[in-house]
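# Structure at a glance
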Amino acid sequence: MVEAQKRALAPFEGELRAISLALGAIERAGLGEDRIAGENPSFANAAPTRRGRRSRSTGDMILMALQRGGAGRAAAEIAEQLERRWNRSVPVATILLELQQLELDGAAIRGPAGWSRAAGAAAGEQPSSDDGDIAQVA
């Protein structure tokens, strides 16, 4: 019985000795655990790429909603469009706060007909994309 256990453990003891020798060689080479842990493998991506839809801020979605309509829009109408287009229910009070901030930033204008996108912001200025994997061709 003891002899059978020794024969069964022999391959594992050999692997354990090989791993111990490899770790000793790494330590002698000056690559301790603290230095190895900080390094990324060369085959790994530097930054993981996000897949799926890009998450948008409430302000970005409001600007896109204002861009679609030519005339001014009420905050309740904008909330309805956010719910319909992005399936995001945002309270009207939050939309009003965002619209006021966008007005201070110069991206939205409050008029007699309601809120609309500012002329400077409507001239081709889209919310910036945070995706680093999209190449831009000049």
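For the structure, see preceding data.
Notes on the structure follow. Just so it is clear, the structure is predicted and the values come from calculations on it, not from any experiment.

Reading the values: the criteria
- Residues numbered from 1 in each chain as written.
- Predicted model: local features only at pLDDT ≥ 70, side-chain atom pairs only at ≥ 80, totals over all residues.
- Heavy atoms only, no water.
- Helix = DSSP H or I, 4+ residues; strand = E, 2+ residues; numbered from the N terminus.
- Buried < 20%, exposed > 50% of the residue type's maximum accessible area, 1.4 Å probe, protein only.
- Contact = heavy atoms within 4.5 Å.
- Areas by Shrake-Rupley, 256 points an atom, 1.4 Å probe, with all protein chains shown as cover.
- Pairing = 2+ DSSP bridges.
- Salt bridge = Lys/Arg side-chain N within 4 Å of Asp/Glu carboxyl O.
- Polar contact = N/O pair within 3.5 Å; in protein donor to acceptor, adjacent residues only side chain to side chain.

## Here's the deal with the overall build of the protein chain
Secondary structure summary: the protein chain contains six helices and two strands in total. Ordered by position in the sequence, the α and β elements of the protein chain form the string α-α-α-α-α-β-β-α. Taken over 138 residues, the protein chain has a buried fraction of 21%. Look at the contacts in the protein chain between residues 6 or more apart in sequence, and 46% of them connect residues 24 or more apart. Carbon together with sulfur atoms contributes 54% to the accessible area of the protein chain, which is approximately 10,700 Å² in total.

## What to know about the pairing of strand E2 (residues 114–117)
Bridge count between strand E1 (residues 108–111) and E2: four bridges; the pairing is antiparallel. From the neighbouring strand, Ile109 faces E2, where its bridge partner is Ser116. Counted between consecutive antiparallel strands, the loop separating E1 from E2 contains two residues.

## Details of the pattern of salt bridges
A complete count under the given rule lists three salt bridges for this structure. The partner of Glu80 in a salt bridge is Arg84, and the shortest N-O contact between them spans 3.0 Å. Of this pair, Glu80 and Arg84 both sit in helix H4 (residues 75–86), four residues apart, which is roughly one turn of that helix. The class of Glu80 is partly exposed, set by a relative accessible area of 49%.

## Topic: the environment of Ile109
Structurally, Ile109 is set in strand E1. In the structure, Ile109 is positioned ten residues away from Leu99 in sequence and 8.5 Å away in space, judged by C-alpha atoms.

## A word on the side chain of Arg73
Mapping Arg73 onto the fold places it in the loop between helix H3 (58–68) and H4. On the basis of relative accessible area, Arg73 is assigned to the buried category, the value being 13%. For Arg73, the side chain forms a polar contact with the side chain of Gln81, separated by 3.0 Å. Not counting chain neighbours up to four residues away, the residues in contact with Arg73 comprise Ala65, Leu66, Arg68, Ile78, Gln81, Ala113, Gly114 and Trp115.

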